[in-house]
Structures are given as C-alpha cells and as structure tokens.
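Coordinate analysis (summary)
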Amino acid sequence: MKTQLAPLDNAFDAARAHFETTIGQCTEIAKGSGDLSAIEIKMRERGQEQGRLLVEGTLQLMSIRFDAPTLAGADGLTRGWRRVSTRTILTTFGEVAITRLGFHGKEAGALFPLDGALNLPVDSRMSADLQRHIARESARGSFQQACDTVEAF
C-alpha cells in the first residue's frame, strides 16, 4: 500500500482565502462606523487565525522533507512500514494539525522524524512556546489565572 502525504501546491490556500476575507471585512468596516477599539479587536481575532493557518501551511510543507522508503532508528532497527497520521498541537495561535509520516517495524517502536525536527513534546499536546508562556503567566499568579490570560490572548 502506497502512503501519500497531502499535496503541497495548496498548503497556503486557506491562509490566502482568510486574508482576502479579512481585507473585505476591513473595506466594509471603513464604509461604516466603528471605533478604533472594535477594529483592533476584530483584527486581533483575524490575525490570530491568520497566524494559525500560516503555521499549519508551513507544517504541511515541512512534512514532505521526511518522505523515504525506510528509516533506521538509533537502535539500529530498520522501519519499512509507513503510515501517515495526524497529531494536533495547541500553539500560541490555537490548535494546529500536523500531518506526518510514521515509520514502523517489527519489534521496533514508531518513529516520526517531523516530530523530532519540530522538537515536539512527547508527553504534551502543547507547543514548547505555549508551555513557556503559561509558565511565565503562572509565576504572576495562579495556574487558573495564567490559563485565563493565555486563552484571552
């Protein structure tokens, strides 16, 4: 069975479409009335999603770098069975999906080279940057306050 990663020629289509919609919304806002605060809030929301879509597109482009027929691990075992899977990670921009190629073998644990290249945490669904952000906020008060602050950001 042949394993396929997603086509790369459309990695940023969603980000482009989102940007065009944002430009349209800015044009509509300019025609009407609205205070600066309302405009800032709207653009912060749109910008957050724009960043998330760009991160996801970049991750999609990176996934192809690790396409190979087999992979040998540090344990010396070769893994020849490949399977595409998706992992979600919560980032400072929101949740992103990472589609990556896993290499499996008899009596050998699975290896996901993209996870290693991205320095993804093994035991967490949060990016290292988000974890650092929460730790900084936690130092200022309670963990719940930190979560609330990060979520509002």
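Our structure's up above, just so we're on the same page.
Being a predicted model, the structure only gives us computed values, none of them experimental.

Some details on the overall build of the protein
Summing up its helical and strand segments, the protein has 5 helices and 5 strands in all. Tracing the protein from N to C terminus, the helices and strands come up as α-α-β-β-β-β-β-α-α-α. For 153 residues, the compact-globule formula gives about 15 Å, and the C-alpha radius of gyration of the protein, at 20 Å, lies well above that figure. Burial statistics for the protein: of 153 residues in total, 29% are counted as buried. Of all intrachain contacts in the protein linking residues separated by at least 6 positions in sequence, the fraction that spans at least 24 positions is 57%. Of the side-chain charges in the protein, 18 are positive and 19 negative, and the distance between the mean point of each set is 6 Å.

Concerning the nonpolar core
By size, the foremost hydrophobic cluster in this structure holds 8 residues: Leu59, Met62, Phe66, Ile89, Val96, Ile98, Leu114 and Leu120. Elements that contribute at least two residues to this core include exactly helix 2 (36-63) and strand 4 (94-105). With residues near it in sequence (within four places) discarded, Met62 still touches Leu114 and Leu118.

Thoughts on the environment of Lys42
Following the sequence through the fold, Lys42 ends up in helix 2. Among the residues examined, Lys42 registers a relative accessible area of 31% and is labelled partly exposed. It is 9.3 Å that separates the C-alpha atoms of Lys42 and Gln25, two residues lying 17 residues apart in sequence. Each residue touching Lys42, except ones within four places of it in the same chain, is listed here: Gln25 and Ile29.

Remarks on the pairing of strand 5 (residues 108-111)
Relative to strand 5, strand 4 runs antiparallel, the two sharing 2 bridges. The partner of Phe103 across the bridge, within strand 5, is Leu111.

Some words on the packing of helix 1 (residues 13-31) against helix 2
One can describe the packing of helix 1 onto helix 2 by two numbers: an axis separation of 9 Å at closest approach and a directional angle of 170 degrees. Comparing their axes, helix 2 and helix 1 come out roughly antiparallel. Contacts between helix 1 and helix 2 involve Ala14, Ala15, His18, Phe19, Thr21, Thr22, Gln25, Cys26 and Ile29 on the former and, on the latter, Ile39, Lys42, Met43, Arg46, Glu49, Gln50, Leu53 and Leu54. Residues belonging to the contact of helix 1 with helix 2 are distributed by class as follows: 9 nonpolar, 5 polar and 3 charged.

Concerning the side chain of Ser63
Relative to the helices and strands, Ser63 is located in helix 2. On the accessibility criterion, Ser63 (4% relative accessible area) is buried. One polar contact links the side chain of Ser63 to the main-chain carbonyl oxygen of Gln60, over a distance of 2.6 Å.

Parameters at a glance
Residues numbered from 1 in each chain as written. Predicted model: local features only at pLDDT ≥ 70, side-chain atom pairs only at ≥ 80, totals over all residues. Heavy atoms only, no water. Helix = DSSP H or I, 4+ residues; strand = E, 2+ residues; numbered from the N terminus. Rg over C-alpha atoms; globule rule 2.2 N^0.38 Å. Buried < 20%, exposed > 50% of the residue type's maximum accessible area, 1.4 Å probe, protein only. Contact = heavy atoms within 4.5 Å. Lys, Arg positive; Asp, Glu negative; His and termini not counted. Charge placed at Lys NZ, Arg CZ, Asp CG, Glu CD. Core = buried A, V, L, I, M, F, W, Y, C linked by side-chain atoms within 4.5 Å. Pairing = 2+ DSSP bridges. Axes fitted to C-alpha atoms, helices over the stretch in contact; angles between N-to-C directions. Parallel < 35°, antiparallel > 145°, perpendicular 65-115°, else oblique. Nonpolar A, V, L, I, M, F, W, Y, C, P; charged D, E, K, R; others polar. Polar contact = N/O pair within 3.5 Å; in protein donor to acceptor, adjacent residues only side chain to side chain.

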